[in-house]
Amino acid sequence: MKFVITKDKAGEFRFKLVASNGQTVAISEGYKAKASALSTIESIKAKAGDAAIDDQTL
């Protein structure tokens, strides 16, 4: 998996999480500063492994 950072037409930075097969798994909101997008990526990388599953379909 990898994070891909892009800049949209409004000039905001966005990232998407892309699986090894090329499929987009998640897309972020827009960030005015690239540093904010990078900070969010680092936060996800540090915390996502401990994320719980909240199955609300039961």
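Report on the accompanying structure. (Residues numbered from 1 in each chain as written. Predicted model: local features only at pLDDT ≥ 70, side-chain atom pairs only at ≥ 80, totals over all residues. Heavy atoms only, no water.)

### Some remarks on the overall build of the chain
Turning to step 1, where the next piece is worked out: Along the backbone of the chain there are one helix and three strands.
Turning to step 2, where the next piece is worked out: Starting at the N terminus, the α and β elements of the chain follow one another as β-β-β-α.
Turning to step 3, where the next piece is worked out: Here the chain has a C-alpha radius of gyration of 13 Å; the compact-globule value for 58 residues is 10 Å, and the former is much larger.
Turning to step 4, where the next piece is worked out: Expressed as a percentage of its 58 residues, the buried residues of the chain come to 16%.
Turning to step 5, where the next piece is worked out: Residue pairs at least 24 apart in sequence account for 17% of intrachain contacts in the chain once pairs closer than 6 positions are excluded.
Turning to step 6, where the next piece is worked out: Surface exposure of the chain reaches about 4700 Å², of which carbon and sulfur atoms provide 53%.
Turning to step 7, where the next piece is worked out: Averaged over its 9 positive side-chain charges, the chain has a centre that lies 12 Å from the centre of its 7 negative ones. (Helix = DSSP H or I, 4+ residues; strand = E, 2+ residues; numbered from the N terminus. Rg over C-alpha atoms; globule rule 2.2 N^0.38 Å. Buried < 20%, exposed > 50% of the residue type's maximum accessible area, 1.4 Å probe, protein only. Contact = heavy atoms within 4.5 Å. Areas by Shrake-Rupley, 256 points an atom, 1.4 Å probe, with all protein chains shown as cover. Lys, Arg positive; Asp, Glu negative; His and termini not counted. Charge placed at Lys NZ, Arg CZ, Asp CG, Glu CD.)

### A word on the pattern of salt bridges
Turning to step 1, where the next piece is worked out: Counted according to the given criterion, the structure contains two salt bridges.
Turning to step 2, where the next piece is worked out: As a salt-bridge pair, Asp8 and Arg14 come within 2.8 Å of each other at their nearest N and O atoms.
Turning to step 3, where the next piece is worked out: Its relative accessible area of 30% is what places Arg14 among the partly exposed residues.
Turning to step 4, where the next piece is worked out: With its nearest N and O atoms 3.7 Å apart, the salt bridge here joins Glu42 to Lys45. Residue Glu42 and its partner Lys45 are located together in helix H1 (residues 34-47), separated by three residues, close to a single helical turn.
Turning to step 5, where the next piece is worked out: Exposure remark for Lys45: the relative accessible area of 52% places this residue in the exposed category. (Salt bridge = Lys/Arg side-chain N within 4 Å of Asp/Glu carboxyl O.)

### Details of the sheet that holds strand S1 (residues 2-7)
Turning to step 1, where the next piece is worked out: On the basis of which strands lie adjacent, the open sheet formed by three strands has the order S1-S2-S3 and antiparallel pairing. The strands lining the two open edges of the sheet, one partner per strand, are S1 and strand S3 (24-27). Each strand of the sheet is rotated relative to its neighbour by a mean of 30°, with strand direction disregarded. (Pairing = 2+ DSSP bridges. Axes fitted to C-alpha atoms, helices over the stretch in contact; angles between N-to-C directions.)

### Details of the environment of Asn21
Turning to step 1, where the next piece is worked out: Tracing the backbone through its elements, the reader meets Asn21 in the loop between strand S2 (13-18) and S3.
Turning to step 2, where the next piece is worked out: Here Gln23 takes part through its backbone nitrogen, which lies 2.9 Å from a polar atom of the side chain of Asn21. (Polar contact = N/O pair within 3.5 Å; in protein donor to acceptor, adjacent residues only side chain to side chain.)

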